[in-house]
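The chain contents come next:
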Amino acid sequence: ANLKFPDNFWWGSATSGPQSEGRFNKKNRNIFDYWFDTDKKAFFGGVGPDVASNFYNSFREDIKLYKEIGLNSLRTSIQWTRLIKNFETGEVDEDGVRFYTEVIEEFEKNGITLVMNLFHFDMPIELQEKYGGWESKHVVELFVKYARKAFELFGDKVKYWTTFNEPIVPVEAQYMYQFHYPLIVDVKKAMQVLYNTALASAKAIEEFRKTELLKKDGEIGIILNLTPSYPRSENEEDIKAAKISDAFFNNSFLDPAIYGKFPELLIEILEKDGALWESTEEELKIIAENTVDFLGVNYYQPRRIKARETEFDISKNGWLPDKYFENYDMPGKRMNIYRGWEIYPQAIYDIAKNIQDNYKNIKWFISENGMGVEGEEKFKNEEGIIEDDYRIDFFREHLTHLHRAIEEGSNCFGYHTWTPIDCWSWTNAYKNRYGFISVDLPTQIKTIKKSGYWIKKVSETNEID
Ligand code: BGP
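Analysis parameters
Residues numbered from 1 in each chain as written. Predicted model: local features only at pLDDT ≥ 70, side-chain atom pairs only at ≥ 80, totals over all residues. Heavy atoms only, no water. Pairing = 2+ DSSP bridges. Helix = DSSP H or I, 4+ residues; strand = E, 2+ residues; numbered from the N terminus. Axes fitted to C-alpha atoms, helices over the stretch in contact; angles between N-to-C directions. Contact = heavy atoms within 4.5 Å. pLDDT = per-residue confidence, 0-100. Parallel < 35°, antiparallel > 145°, perpendicular 65-115°, else oblique. Left-handed = near helix turned anticlockwise from the far one by under 90°. Nonpolar A, V, L, I, M, F, W, Y, C, P; charged D, E, K, R; others polar. Near = heavy atom within 4 Å. Polar contact = N/O pair within 3.5 Å; in protein donor to acceptor, adjacent residues only side chain to side chain. Areas by Shrake-Rupley, 256 points an atom, 1.4 Å probe, with all protein chains shown as cover. Phe/Tyr/Trp six-rings, centres within 6.5 Å; stacked < 30°, edge-to-face > 60°. Buried < 20%, exposed > 50% of the residue type's maximum accessible area, 1.4 Å probe, protein only. Right-handed = clockwise from strand over helix to strand, strands pointing away. Core = buried A, V, L, I, M, F, W, Y, C linked by side-chain atoms within 4.5 Å.

J.: Residue-level account of the sheet that holds strand E8 (residues 219-225), with values.
T.: Overall, parallel pairing links the eight strands, which are arranged E2-E3-E6-E7-E8-E10-E15-E16 in a closed barrel. On average, each strand axis in the sheet is tilted by 25° relative to the strand beside it, whichever way the strands run. As judged from the four bridges shared by strand E6 (residues 113-119) and strand E7 (residues 160-165), these two strands associate in the parallel manner. If you follow Met 116 over to E7, its bridge partner there is Trp 161. Along the sheet, helix H7 (residues 137-154) contacts E6, E7 and E8; its crossing angle with E6, the most-contacted strand, is approximately 160°.

J.: Can you tell me about the confidence of the model for the chain, naming the residues and giving the values?
T.: Residues shown with low pLDDT carry predicted positions that ought not to be read at fine detail. Looking at the chain as a whole, the pLDDT averages 96, with 99% of positions reaching at least 70. Scoring the predicted complex yields pTM 0.97 and, for the interface, ipTM 0.97.

J.: I'd like a rundown of the packing of helix H9 (residues 187-210) against helix H10 (residues 236-259), residues and numbers included.
T.: For the pair H9 and H10, interaxial distance at closest approach is 10 Å and the crossing angle is 25°. When the axis of H9 is compared with that of H10, the two are roughly parallel. Viewed along their axes, H9 and H10 form a crossing whose handedness is right-handed. Counting all contacts with H9, which are made through Met 191, Leu 194, Thr 197 and Ala 198, the residues of H10 involved are Phe 248, Ser 252 and Phe 253. Of the residues assigned to the contact of H9 with H10, the class counts are five nonpolar, two polar and no charged.

J.: Which residues make up the site of the ligand, and what values do they have?
T.: The immediate surroundings of the ligand are formed by 14 residues, with His 120, Glu 166, Arg 339, Ser 425 and Tyr 434 found nearest. One nitrogen or oxygen atom from the side chain of Glu 368 is found 3.0 Å from an oxygen atom belonging to the ligand. In the complex, 92% of the free accessible area of the ligand, which totals 380 Å², lies under the protein chains.

J.: I'd like a description of the packing of aromatic side chains, backed by residues and values.
T.: Throughout the structure, instances matching the rule amount to 58 aromatic pairs. Here the aromatic rings of Trp 80 and Phe 119 are separated by 6.4 Å at their centres, their planes lie at 70°, and the arrangement is edge-to-face. Here Trp 80 is found in helix H4 (residues 80-83), whereas its partner Phe 119 is found in strand E6, with 39 residues between them in sequence. In this structure, Trp 80 and Phe 119 share a single accessibility class: buried.

J.: Explain the pairing of strand E15 (residues 364-368) residue by residue, including any values.
T.: Looking along a regular strand, one sees side chains alternate from face to face of the sheet. In terms of residue burial, E15 counts as a mostly covered element, since five of its five residues are buried. Summarising the sheet, strand E10 (residues 294-298) and E15 pair through four bridges and their orientation is parallel. Note on E15: the bridge partner recorded for Gly 296 is Phe 365. Pairing analysis gives two bridges linking E15 to strand E16 (residues 412-418), with the strands arranged parallel. If you follow Ile 366 over to E16, its bridge partner there is Tyr 415. Of the crossover connections in this fold, the one passing from E15 over helix H15 (residues 389-407) to the parallel E16 is right-handed.

J.: I'd like a description of the nonpolar core, backed by residues and values.
T.: Ranked by size, the top nonpolar core spans 143 residues in total, and within it Trp 80, Trp 134, Phe 143, Trp 161, Met 191, Leu 295 and Leu 402 carry the most contacts. If one sorts the elements of this core by residue count, H9 sits on top with 13 residues. If near-sequence neighbours (up to four positions away) are discounted, Phe 143 is found in contact with Trp 80, Leu 118, Phe 119, Trp 134, Thr 163, Phe 164, Ala 200 and Ala 204.

J.: A description of the sheet that holds strand E12 (residues 325-327) should follow, citing residues and the corresponding values.
T.: Sheet architecture is open: three strands sit in the order E9-E11-E12, paired in mixed fashion. If you trace the sheet from one side to the other, it starts and ends with strand E9 (229-231) and E12, each paired once. Averaged over neighbouring strand pairs, the angle between their axes works out to 45° when direction is ignored. H10 rests against E9, strand E11 (303-307) and E12 of the sheet, and its axis sits at about 130° to E11.

Set out below in structure tokens:
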């Protein structure tokens, strides 16, 4: 039987400024722009963010395509490095203001609800080099200044805002596991970055609620990548290991976002290991008072966790949360062979129940879910359309579990896939394609895939078969 979704359900997709716009006319550089300029080899195929999917130049055509495949909502981000010319004073870049104004108007004209995000991994290089980026509370203040500018400029037209996308990723990537510049391993710094970004989010929310120019019914949230930690067994040690993993990777941002405080387990461990962040009473009060209106959840894959068995070499890696647990290579797990990520759709149900039972049943939506595929060209039919049935199946399965949770009372109002049009991804560049619409890089010709026609039908009927 077909599964019907709630009225006014969001059928949409997500992208970000740095991954779609290209660097055209951008005055400032973020850490990825800089890294690419200094080390092209770090990027898959030597492809950087220069052109991305050319949204800066083709946003009208792209938004028309979003509309054509039935998307009723979409998330992207403002680039701090495009909107702001002088980070210290908050002086704006006039072309940046013009560009985002036109983009927002174009979404409005096409009747697509826009979710505007403020930070998607894209720290300005100037602030990274000068102050250590999120290590610094001064940078928190500069972010709040930028956020306020964005609210003042666009708050009358954009109803839904988010402060951060996946704030745990810079913590891991820049300071623990070395996959984003500056590729440091320093857990003390990592934990300060975690705290400072939670603070920056709360302060931006505080600012948002003070801004008079906003739409009266404006709402602000945060987007978190939740990766439930499933223990290998019911053994006490494995369960404890999974709990610690959750404290670090999930609850570290979920708890402050919903309850305005950090998980006790996390604080306990950090205190014991001498890695607790520096905070003040005044900051903690701001975090306590400025929780979110709604939550976005990005979900790709779970974590499989077991108690640590092999020795952890602190002298080699420094102290990492991995001291307490390790990944468990579960036999028989389903894999997306093209991306190397596990496929486990049931986790969506578990996430939904966790929010319903333990996080005030706050209203939330899936803000990213998707299947990255390398070498998708080979699935092209004679008409040049990529027949991505694997992706349709992937969405359908995840939606089935989401539907079950909604039936049981989960307050979920939408489903956004990653991503509308194949886009550039950090160091993976164009390796893994996720879009409903493919892009031919040399020509920038964009073609709707089979999944694009599928989502159109889903959105029109508000149901999946
Ligand atoms: C999420 C990010 C996106 C996007 C996506 C796909 O974590 O929010 O920005 O990159 O992952 O990841 P990848 O391109 O590495 O397969």
